[in-house]
Number of protein chains: 2
Amino acid sequence: MKDISLPSTAGAVNKLIDSLGKLPGIGPKSAQRLAFYLMRAPEEQVLALSDTIRSIKNQISQCRICFNVADSELCPICQNTKRETNKICVVEQPQDILALEHVGVYRGYYHVLHGAISPTEGITSQNIRISELMSRLDNGQVDEIILATNPTTEGEATAMYLSRLITPLGIKVTRLARGLPFGTELEYADDVTLSRAMEGRQNF
Amino acid sequence: MKDISLPSTAGAVNKLIDSLGKLPGIGPKSAQRLAFYLMRAPEEQVLALSDTIRSIKNQISQCRICFNVADSELCPICQNTKRETNKICVVEQPQDILALEHVGVYRGYYHVLHGAISPTEGITSQNIRISELMSRLDNGQVDEIILATNPTTEGEATAMYLSRLITPLGIKVTRLARGLPFGTELEYADDVTLSRAMEGRQNF
């Protein structure tokens, strides 16, 4: 951790800059700007922010069914009885659900693994919510599992593992299409993306 | 304020995302990322951040002399008796001191106006720390005032006002040089910058 403390300002300001600078995506300059903003912001806003941060750990639990973040036993999605019960989309993290829900094309349920299999980090299939996913398939209602793990080595390994586990149950296993992202130029696409786009070419 | 709440996640998470999203430079996506980070961060770190934010308003006051942020009667710079007592550099905000101190070429003292004259926003010379600056000149120790207000309309107006006020006292009034910023290309410089760089050309 780089020392970003500034001898020319007050100690309490440095402490705040330091705390803010530890957050992801907040560099020394942003931390400085935020600290000076908070010093001048209305007291109610500052106290509200402090309280909200303080309470986030106590107020948040995991959904009993899908392990999405929840403030009651079930998350808002599992509480919704109008979604398609025959589909489960498997993601690595709760924030992946936000991204997919933002798109709005999927109407089934989710399952959050809370990680991906990664031998280098010592994360095995036991450390993520795989057994809980398998239990959800017992009732025979689910006929499609959509693997939406990240397109990384760990995500692909996890998808591969799950596919081998679930396919024998007679449940259809699909995954998010691989290909060229929207708005890019072919010229700048990396080799892996391009080869997958070619392999997975679709009828026009 | 755009509503960035997400129906697919817990209410407490939305509240945190909302609070974080009100901070300057934190967009909806960053707010989301920070919220999910805080949910998984160690409890000590989260509580420490909450406490530091909560206490910033109580612990911070303004330096009695220069109005920089301070956690005692004097700021760290005014406490330092080894600086040059004959120079005062006038800035708009405390964070401007950080930027100048980071450069490290100036060894005098500072004066923070806490704003700039802006008729459109109703900020007059009475609303910023000008009279306090004038009082500091009474002892006759200061022989140079460096105007380091921002190169904006308001900053220039404030510098102009101060220059007219201070020059008659027989004190040298200077300001930060205007010209081309380092690392840019002449081709892309705006007209005002270029004309000032030409007017203020220096011997090679």
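By convention here, each chain's residues receive numbers from 1 onward along its written sequence. Chains and ligands are labelled by the order in which they are written, letters from A for the one and numbers from 1 for the other. Confidence filtering applies because this is a predicted model: local features only for residues at pLDDT of at least 70, side-chain atom pairs given and counted only at 80 or more, and all residues used for totals across whole chains, interfaces and linings. As a rule here, side-chain values come from all non-hydrogen atoms in the structure, and water together with hydrogens is ignored.

Caption draft 1: Geometry of unusual backbone geometry. Phi angles above zero are rare outside glycine, and His114 of chain A is one such case at about 60°. Secondary structure elements are defined from DSSP: runs of H or I of at least 4 residues count as helices, runs of E of at least 2 residues count as strands, and each element is numbered from the N terminus. Among the secondary structure elements, His114 of chain A is positioned in the loop between β4 (108-112) and α6 (130-136).

Caption draft 2: Local environment of the packing of helix α1 (residues 11-21) of chain A against helix α2 (residues 28-40) of chain A. Residue and element names in this part refer to chain A. All axes here are fitted lines through C-alpha atoms, helices being fitted over the stretch that makes contact, and every angle between N-to-C directions spans 0 to 180 degrees. Contact geometry of α1 with α2 gives a least axis separation of 8 Å together with a crossing angle of 125°. Judged on the interaxial angle alone, α2 and α1 are oblique. The handedness of the crossing between α1 and α2 comes out as right-handed. Across from Val13, Leu16, Ile17, Leu20 and Gly21 in α1, the residues of α2 making contact are Ala31, Gln32, Leu34, Ala35, Phe36, Leu38 and Met39. Residue type decides the class: Asp, Glu, Lys and Arg count as charged, Ala, Val, Leu, Ile, Met, Phe, Trp, Tyr, Cys and Pro as nonpolar, and the leftover types, Gly among them, as polar. Partitioning the contact of α1 with α2 into residue classes produces ten nonpolar, two polar and no charged. Reported orientations rely on four angle classes, namely roughly parallel under 35 degrees, roughly antiparallel over 145, roughly perpendicular from 65 to 115, and oblique for the rest. With the far helix as reference, a near helix turned anticlockwise by less than a right angle produces a left-handed crossing, and one turned clockwise produces a right-handed crossing. The contact criterion used throughout is that any non-hydrogen atoms of two residues lie within 4.5 Å.

Caption draft 3: Fine view of the interface of chain A and chain B. Counting from both sides, the interface comprises 54 residues of chain A and, opposite them, 54 residues of chain B. Summed over both partners, the accessible surface that disappears when two parts come together, traced with a 1.4 Å probe, is what is meant by buried area. In total, about 5,000 Å² of surface goes out of reach between chain A and chain B, with carbon and sulfur atoms giving 68% of it. Salt bridges are defined as contacts in which a side-chain nitrogen from Lys or Arg sits within 4 Å of a carboxyl oxygen from Asp or Glu. Between the two partners, chain A and chain B, sit two salt bridges. For the salt bridge of Asp51 of chain A with Arg54 of chain B, the shortest nitrogen-to-oxygen distance reads 2.4 Å. By the criterion applied in these results, polar contacts are pairs of N or O atoms within 3.5 Å in which, for protein atoms, one can donate a hydrogen and the other can accept it, and in which residues neighboring in sequence qualify only through two side-chain atoms. There are twelve residue pairs in polar contact (both at pLDDT 80 or more) connecting chain A and chain B. Mapped onto the side of chain A that touches chain B, the elements with two or more residues apiece are α1, α2, α3 (43-59), β2 (69-70), α4 (76-79) and α5 (94-103) of chain A. Counting residues per element, the side of chain A that touches chain B draws most heavily on α3 of chain A, which supplies 14 residues. Residues belonging to the side of chain A that touches chain B are distributed by class as follows: 30 nonpolar, 14 polar and ten charged.

Caption draft 4: How the structure looks around the relation of the copies chain A and chain B. Least squares is the method used to superpose the copies, on C-alpha atoms of residues holding a pLDDT of at least 70 in both. After a rotation of 180° and a shift along the axis of 0.0 Å, chain A superposes on chain B with an RMSD of 0.0 Å. Taken together, these values place the two copies in the relation of a two-fold axis. Closest approach to the rotation axis within chain A is made by the C-alpha atom of Ser50 of chain A, at a distance of 2.2 Å. In this assembly, 100% of the residues forming the interface of chain A have copies in chain B that are likewise at the interface, indicating an isologous arrangement.

Caption draft 5: Summary view of the sheet that holds strand β4 (residues 108-112) of chain B. Residue and element names in this part refer to chain B. Only when DSSP finds a minimum of two bridges between them are two strands counted as paired. Ordered in space as β4-β3-β5-β6, the four strands form an open sheet in which the pairing is parallel. Strand pairing shows two members of the sheet lacking a second neighbour, β4 and β6 (172-175), which therefore form its edges. Looking at each pair of strands side by side, their axes are set apart by 25° on average, direction ignored. In this structure, strand β5 (residues 144-147) lies alongside β6, joined through four bridges in parallel fashion. Bridge pairing in β6 places Ile145 opposite Val173. Its contacts with the sheet place helix α7 (residues 153-166) against β3 (84-91), β5 and β6, and it is angled at close to 165° to β5.

Caption draft 6: Examining the domain arrangement of chain A more closely. Each domain's limits were defined by an automated method or a database of domain assignments. In terms of domains, chain A is made up of domain 1 (11-59) and domain 2 (77-203). When each unit is reduced to the centre of its C-alpha atoms, the spacing between domain 1 of chain A and domain 2 of chain A is 35 Å.

Caption draft 7: Molecular detail of empty space enclosed by the protein. Any residue with an atom within 4 Å of a point lines the site, the site being either a cavity, points on a 1 Å grid over the protein atoms alone where a 1.4 Å probe fits but cannot get out, or a pocket, an open set with protein on both sides within 12 Å along at least 5 of 7 lines. Grid points are joined across faces, edges and corners, and a volume is the space filled by probe spheres set on the points. Under the criterion given, the structure shown has two cavities of 30 Å³ or more. Reported here for the largest cavity is a volume of approximately 60 Å³. Lining the largest cavity are 13 residues, with Leu20, Leu23 and Leu34 of chain A together with Leu20 and Leu23 of chain B sitting closest to its centre. When contributions to the lining of the largest cavity are tallied by element, the ones reaching two or more residues are α2 and α3 of chain A together with α3 (43-59) of chain B. Size it by volume and the second largest cavity reaches roughly 30 Å³. Only α1 of chain A together with α3 of chain B provide two or more residues apiece to the lining of the second largest cavity. Per element, the largest residue contribution to the lining of the second largest cavity is four residues, and it comes from α3 of chain B.

Caption draft 8: Geometry of the layout of surface pockets. All names here are of chain B. Of the pockets and cavities examined, the largest pocket occupies roughly 410 Å³. Residue lining of the largest pocket: 20 residues in total, with Leu100, Ala148, Thr149, Pro151 and Leu176 positioned closest to the centre. Those elements that provide at least two residues to the lining of the largest pocket are α5 (94-103) and α8 (191-199). No other element matches the four residues that α5 contributes to the lining of the largest pocket.

Caption draft 9: Spotlight on the nonpolar core. What is meant by a nonpolar core is a set of buried Ala, Val, Leu, Ile, Met, Phe, Trp, Tyr and Cys residues, joined one to another through side-chain atoms within 4.5 Å. Under the scheme applied here, a residue whose accessible area is under 20% of the maximum for its type counts as buried, over 50% as exposed, and between as partly exposed, the area being computed with a 1.4 Å probe on protein chains only. The biggest cluster of nonpolar side chains holds 44 residues, and the ones touching the most others in it are Leu20 of chain A together with Leu20 of chain B. Of all elements in the fold, only α1, α2 and α3 of chain A together with α1 (11-21), α2 (28-40) and α3 of chain B reach the threshold of two or more residues within this core. Those residues in contact with Leu20 of chain B, other than ones at most four positions away along the chain, are Leu49 of chain A together with Ile26, Ala31, Leu34, Ala35 and Leu38 of chain B.

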